[in-house]
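Each chain is listed here by its residues.
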Amino acid sequence: MPDLLQTPQYARATVTSDPSLPTGSAQDLLAELNLSRQQILEEQRPRVTALIGETAMREATNDPDVMRGQLRALAVASERIVVQVLPSGCRAPSSGPVTILRFAGIPNLGAVYLPGLSGGTCLAGQQDVASYTRAFEHLRASALTPATSARLIRDIAEG
């Protein structure tokens, strides 16, 4: 699940289940940092489009109630942002999560963030941003529509 769309319970479950992350209060801090970034969605209302693989939504956390709550929150979030599901059979790249930042009114400015264990990588070159944007649009064309995605998310949540 994209960090910006995680519920507090899901964020904590994700952080505590990752063996590469430190334990204890450091995990709590990481979960809180993830959640604090969500405030921008409420305060500034940026245009956000999230593509999420159906398989990720069907993977259970250690607590099925946490996943159900996450999916319900995702269904509600789809009322104010664009959420599209990549069906299980869709051949998506295995590169993992990617965040593309683009700025309205400045088409040549943008950045691509690739998270990683050592803090991730930020690509700011026009060619990089254009390449990732093309790949994103290709995946988006393969994804379910936002309305169909919202129905599927609710169906999976109700299981």
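Residues numbered from 1 in each chain as written. Predicted model: local features only at pLDDT ≥ 70, side-chain atom pairs only at ≥ 80, totals over all residues. Heavy atoms only, no water.

**Student:** Report on helix H6 (residues 126-142), specifying residues and quantitative values.
**Tutor:** With 17 residues, H6 extends 25 Å between its outermost C-alpha atoms, agreeing within 8% with the 24 Å of an ideal straight helix rising 1.5 Å per residue. Looking only at H6, the buried set comprises Val 129, Thr 133 and Leu 139. Down the axis of H6, the buried set is contained in an arc of 125°. They therefore lie on one face. Pointing more than 90 degrees away from the buried face of H6 are the exposed residues Gln 127, Arg 134, His 138 and Ala 141. (Helix = DSSP H or I, 4+ residues; strand = E, 2+ residues; numbered from the N terminus. Expected span 1.5 Å × (residues − 1). Buried < 20%, exposed > 50% of the residue type's maximum accessible area, 1.4 Å probe, protein only. Arc of directions from axis to C-beta.)

**Student:** Quick rundown of the pairing of strand S2 (residues 82-86)? Include the residues and the values.
**Tutor:** Buried residues dominate S2, accounting for four of its five residues. The sheet contact formed by strand S1 (residues 49-53) and S2 spans five bridges and is parallel. Among the inter-strand pairings, Gly 53 is bridged to a residue of S2, identified as Leu 86. (Pairing = 2+ DSSP bridges.)

These figures come from the coordinates and say nothing about function on their own.
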